[in-house]
Every structure is written in C-alpha cells, then in structure tokens.
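Per-entry structural report
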Amino acid sequence: MQKNENKNMFKASWTYDKAPESTDHVQIKKEYELYINGKFTKPVKGKYFDTINPSTNKKIASVAEATSEDVDIAVKAARKAFKGWSSLSGKERGKYIFRIARLIQERAREFAVIESLDGGKPIKESRDIDIPLAANHFFYYAGWADKLEYAFPNRKPEPLGVVGQIIPWNFPLLMAAWKLAPALATGNTVVLKPAETTPLTALKLAEIIHDSGIPKGVVNIITGAGETGASIVNHPDVDKIAFTGSTGVGKYISNAVAGTNKSVTLELGGKGANIIFEDAAIDQAVEGIVNAIFYNQGHVCCAGSRLFIQESVADVVIQKLKDRMETLIVGDPLDKNTDVGAINSKKQLQIIENYIKIGINEGGDIYQSSCNLPKSGNWCAPTLFLNVSQSHKIVQEEIFGPVLAVQTFRTISEVIEKANNTPYGLSAGVWTNNGAKIFHLTERLEAGVIWANTFNKFDAASPFGGYKESGYGREGGMQGLNPYVKFD
Ligand code: NAP
Ligand code: MG
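What counts and what doesn't
- Residues numbered from 1 in each chain as written.
- Chains lettered and ligands numbered in written order.
- Predicted model: local features only at pLDDT ≥ 70, side-chain atom pairs only at ≥ 80, totals over all residues.
- Heavy atoms only, no water.
- Helix = DSSP H or I, 4+ residues; strand = E, 2+ residues; numbered from the N terminus.
- Expected span 1.5 Å × (residues − 1).
- Buried < 20%, exposed > 50% of the residue type's maximum accessible area, 1.4 Å probe, protein only.
- Pairing = 2+ DSSP bridges.
- Right-handed = clockwise from strand over helix to strand, strands pointing away.
- Near = heavy atom within 4 Å.
- Polar contact = N/O pair within 3.5 Å; in protein donor to acceptor, adjacent residues only side chain to side chain.
- Areas by Shrake-Rupley, 256 points an atom, 1.4 Å probe, with all protein chains shown as cover.
- Nonpolar A, V, L, I, M, F, W, Y, C, P; charged D, E, K, R; others polar.
- Salt bridge = Lys/Arg side-chain N within 4 Å of Asp/Glu carboxyl O.
- Core = buried A, V, L, I, M, F, W, Y, C linked by side-chain atoms within 4.5 Å.
- Contact = heavy atoms within 4.5 Å.
- Donors = N, O, S within 2.8 Å, 3.2 Å for Na, K, Ca; no water.
- Axes fitted to C-alpha atoms, helices over the stretch in contact; angles between N-to-C directions.
- Parallel < 35°, antiparallel > 145°, perpendicular 65-115°, else oblique.
- Left-handed = near helix turned anticlockwise from the far one by under 90°.

**Points about helix 3 (residues 90-106)**
- Helix length check: helix 3 (17 residues) gives 24 Å between terminal C-alpha atoms against 24 Å at 1.5 Å per residue, within 8%.
- Every buried residue of helix 3 is listed here: Gly90, Arg93, Gly94, Tyr96, Ile97, Ile100, Ala101, Leu103 and Ile104.

Here it is, written out as structure tokens:
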C-alpha cells in the first residue's frame, strides 16, 4: 500500500489541541418509544434494538422496534388525523411548521451533538450544515403552506392523504426535514421511519413536533429495521411512499407498489463526476475535490466520487490533493477540529474495505492519507485510486465512503462521455474559469444537480433529485411540493 513518503510533511493532527464539544445538557434517554398519535408508546411486541455510537461501537440507547402491528396503528392514526389537518387553512398549517423550524433552531446544539454521536459525522458539519439546513427546510415550506394556489395557478392542488416516508442514515435529521416539511405544508399526514443506525435525531424531532402542538396523528415517527419500512410500503391504506436510500431497496419498493394506487418518489444512489479543467482555479478545485468526496465520510448520495482531471494539470492537481489529504483530521466526531468522522456502521465499513480490496486487486494504485486512526470504532483513512478506467468496479459502483477514483481526460467530448457512462444520474461538478464551458457541460451531463466551481452545496429553495438509477421526483424548492399533491 502506497503511503505518503514525505515524512516531514505538516501534519495537522499533531498540532492542534483536542476540543471536544461538550455533551452537557444534551438529553439522551436510556430507552426510546414510538411516537404515534401524539404519544410516545411502547411497541406492541415489546422489542427494542440498540443504537450504537460508531466512533466507539458502544451502545447509546435502546430504541423501540416497530412491527407491522405498530405500523398499522400509526397508519390508522395518520388516517384519522388527515381530515382535520387537510381542511385547516394553509395559514394555520404554516404556523405549526414555522414553530417546528424555530424549535429546531432553539435546540440546534443538542440536535448537532446527538447527530454526531449517533451517526459519526464531524460536529462542525452537523452544527454548521445539517441542523441549520433542516430548520431552513421547515421555514421554507412553512412559507408555501398558504401559497399553494400560487405554486399551482388555477389547478386546485389537493393533498394525497397518508404518506409513508423512509429515510437513510447519512443525513438523518436533514432527510427527515426534506420529507416532512413539504408533506405537511401540502396537507398530508405522515408515518416516517428513520434508518436503524441513526434513529435519535428523528426521535428528538418527534419531541419538538409534539411541543409544537400539532394535532395528534398528523406526524407519526416509528423506528425499526428494514422490515418496518417494508410494512409501511405494503400497508394498503398508505397513499404514497417517499423513499431515500439505496437503489436496491428502491427497486424493491417500485415492485411492491406496482399495480396499487400508491404513488412513489425515490431518491437513490449516485456516482457523481467531478470535472477539473486546466483553466480552473486549481487550489479552489482541490478544496472542492476534498469537499466532494470526504465530506460526511463520503456517505453522500451526490458525492463527487469520480474525479476527472484534464491531462495537462493532472500531476499538479494530484500532488496538491495528496498534500491536502494529509492535513485532514480523522477522528472523534465531537472534536470541533475533526474533518472526517467515523464510518456510520461496522457493516458500512466492511462494504468500503471490500471495495478498497477490489480496487487493489483490479490493479488500481491506492493512496491513503497517513493519519492515525483511533483504535476502537469504525474508521477509514481518506483514500484515492489512480490508474483506474471506466471498466473498474470502483469507478462504476457506489462505495458510499471516503474513496475517490481518479481518471484523466483530454477533450470536452471525452469527459462528457466518460461522466455519463454510469447507471446513475444524480450529481456532477465542473471546475473552469470559462462560463461558456460550464453551460456546454450542464446541458450535456446526465445529472439532476450540477455544481459549477463548488460542490455539495444545498439550499431549501433549490430542487434536488436524480435521473436514471438515481431515482425520480424532486425534493426542495417549489418542485418539491409536486410529489405531495394531486389535481382533480
Ligand atoms: P437503504 O439500505 O436502502 O436504507 C434506507 C432506508 O430504507 C432505511 O430506513 C432502511 O431501514 C429502509 N429499508 C431497508 N430495507 C427496506 C425494505 N425492504 N423496505 C422498506 N424500507 C427498507 O439505504 P442506506 O444504506 O440507509 O443509505 C444509503 C443509500 O442511500 C445510498 O445508496 C445513497 O446513495 C442513498 N441516498 C440517496 C439520497 C438521495 O437523495 N438520492 C440521499 C441519501 C442517501 P434500515 O436502516 O433499518 O435498514
Ligand atoms: Mg448509531
């Protein structure tokens, strides 16, 4: 394995004082129940599972495991609440959603600490990105609640009814916000299931949703495993499924709802191309590459996991990238200096390590930053592969970890063809000083989101979603209202 040869290189990990975020005043219960019909209730079968801190692999709390019986109770509660909620004026519904947004802001620190403890992401990301964006999402859609007739002029939008929402573990609170806010603004009632490895911020959200005084049954948050999700998908009285997760489970859901009246939106995986032209501002582009693939440990559906560098600048970009990787601080998610936190679960770490082995066996040249990884917990050093081509598995498949596949190109048409040569179509990035080149590429790249001279930037007002095997439907922006309404 090729490690960094330059032993005298500046190592940020030796030069900073540890600055862990305090966990004072962060309330974590020993046991969490299901939030159904405005109450925290025990699961019918009395089963619980452990949620784990991935940076230590120690248990944080016991969490209720909902079975199909609990799903049925939650769906009935949501059905009962639907008439009242959907007939409230948009202005009234908006008040509750604004209240939820403000309560998230008030308790932002607590949310950030819990997100980092339960999921492993660096506190500076949960504190500065995830939690503020989650609050923004509720603010943004609260604003739409009484303006739906302007979003859909002369079309009289109606809510769908009971919506089942299933979310992944990489942005737990933010994905809950992406799902709940537009569904509530449009007058639907909801049964939401967070991922098994990261249930705690969704349950904290249940507490503040309760505090917002929203009528009982409008929002039900139930925890559990894949089978819990499948029970929501298969429940006959659910009108719509909104899912974010893997392409594999997305395909299962499409099949399960085929031939029923349920509507579906799917936000699935990705293998984003990040393209660096020779006329780009190279230092900024290197920062962009790091942000595109190492942000949130690379557990990002829209990560820039395929890097394409124009041949004339490839050597300089790769050297600068390696140097920058050496300065990344990998470690305690609660440390304010940490850049790369813990891999979310043992299972995900095994998946990533397996891809790294495949990359080596297929002849790729691996480079990993020489950081010291903590002894316990799930960790992966920032990694890149050189000398790979389109046919390599690590170029084709989503790894969902801090592993970058690097290729070079000569011409624009060559890079467009390579970038589009993937079953996915979620995101891409273009780095160049030439505006015309940006527009040339954005027209031709098959991706739902394309960033120019930046990467992994999100805004509640801007729609997000994929093409091809990355799914269908949009979340965010005015377009994010569409999947939750119907017309006569
Ligand atoms: P996953 O295994 O598909 O799980 C997603 C959610 O579905 C979890 O809550 C999971 O529950 C549940 N689930 C599992 N099996 C199910 C079934 N048969 N029926 C219904 N629900 C089921 O995905 P993940 O590993 O959590 O997340 C990683 C994937 O999500 C990546 O592929 C990533 O690209 C994608 N993702 C996409 C976006 C986007 O917007 N496009 C955003 C984030 C992530 P358990 O946790 O209990 O298994
Ligand atoms: Mg956890």
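Having seen it, we continue.
**Quick look at the pairing of strand 7 (residues 162-166)**
- Extensive coverage of strand 7 is indicated by the burial of five of its five residues.
- Residue alternation in strand 7 divides its side chains into two sets, Val162, Gly164 and Ile166 and Val163 and Gln165, and both sets are buried.
- As paired elements, strand 7 and strand 8 (residues 189-193) share five bridges and run parallel to each other. By the bridge assignment for strand 8, Gln165 is matched with Leu192.
- The parallel pair strand 7 and strand 8 is bridged by helix 7 (residues 172-185), and the resulting crossover is right-handed.
- Sheet topology places strand 7 next to strand 10 (residues 240-244); four bridges connect them, and they run parallel. Directly across from Ile166, in strand 10, lies its bridge partner Phe243.

**Examining the site of ligand 1**
- Taken together, 28 residues are adjacent to ligand 1, and Ile167, Glu196, Ser246, Leu268 and Glu398 come closest.
- Separating an oxygen atom of ligand 1 from a backbone N or O atom of Gly226 is a distance of 3.1 Å.
- Look at ligand 1: alone it shows 900 Å² of surface, and the protein chains cover 88% of it.
- Of all the secondary structure elements, the ones that give two or more residues to the shell around ligand 1 are helix 9 (226-234), strand 10 and helix 10 (247-257).
- When residues of the shell around ligand 1 are assigned to their parent elements, the largest contribution, three residues, is made by helix 9.
- Residue classes in the shell around ligand 1 are distributed as 16 nonpolar, eight polar and four charged.

**Quick word on the pattern of salt bridges**
- Across all of its chains, the model carries 28 salt bridges by this definition.
- A salt bridge links Lys251 to Glu469; its shortest N-O distance comes to 3.5 Å. Here Lys251, found in helix 10, pairs with Glu469, found in the loop between strand 20 (467-468) and strand 21 (471-472); they are 218 residues apart in sequence, far enough to count as distant.
- Owing to a relative accessible area of 45%, Lys251 belongs among the partly exposed residues under this scheme.
- Residue classification places Glu469 among the partly exposed residues on the basis of a relative accessible area of 32%.

**Quick notes on the nonpolar core**
- In terms of nonpolar packing, the biggest core is built from 108 residues, with Ile104, Phe138, Leu180, Leu184, Leu205, Ile214 and Ile309 touching the most fellow members.
- For this core, the element with the highest residue contribution is helix 7, accounting for eleven residues.
- Leaving out residues up to four positions away in the same chain, Ile214 has contacts with Trp85, Tyr96, Ile100, Leu184, Ile209 and Val219.

**What to know about the sheet that holds strand 5 (residues 58-64)**
- Judged by pairing direction, the sheet is mixed, and its three strands sit side by side in the order 1-5-4 without closing on themselves. What marks the edges here is a single partner per strand, and that holds for strand 1 (31-32) and strand 4 (48-53).
- Judged from the two bridges that link them, strand 1 and strand 5 form a sheet pairing that is parallel. Residue pairing across strands places Tyr32 opposite Val63, the latter belonging to strand 5.

**Some remarks on the environment of Arg102**
- With respect to the helices and strands, the residue Arg102 is situated in helix 3.
- For Arg102, a relative accessible area of 42% corresponds to the partly exposed category.
- Counting along the chain gives 37 residues from Arg102 to Phe139, while the straight-line C-alpha distance between them is 8.1 Å.

**Here's the deal with the coordination of the magnesium ion (ligand 2)**
- Listed as protein donors to the magnesium ion (ligand 2) are Ile52 (O), Asp118 (O), Asp118 (OD) and Thr197 (O); their distances from the metal cover 2.2 to 2.4 Å.
- When its relative accessible area of 31% is taken as the criterion, Ile52 is described as partly exposed.
- On the basis of relative accessibility, which here comes to 1%, the residue Asp118 falls in the buried class.

**What to know about the packing of helix 11 (residues 282-294) against helix 12 (residues 311-326)**
- One can describe the packing of helix 11 onto helix 12 by two numbers: an axis separation of 10 Å at closest approach and a directional angle of 55°. Between helix 11 and helix 12, the angle falls in the class oblique. Remark: the crossing between helix 11 and helix 12 carries right-handed chirality. In contact with Ile282, Asp283, Val286, Glu287, Ile289, Val290 and Phe294 of helix 11, helix 12 contributes Val313, Val317, Lys320, Leu321, Arg324 and Met325.
- Taken together, the residues of the contact of helix 11 with helix 12 sort by class into nine nonpolar, no polar and four charged.

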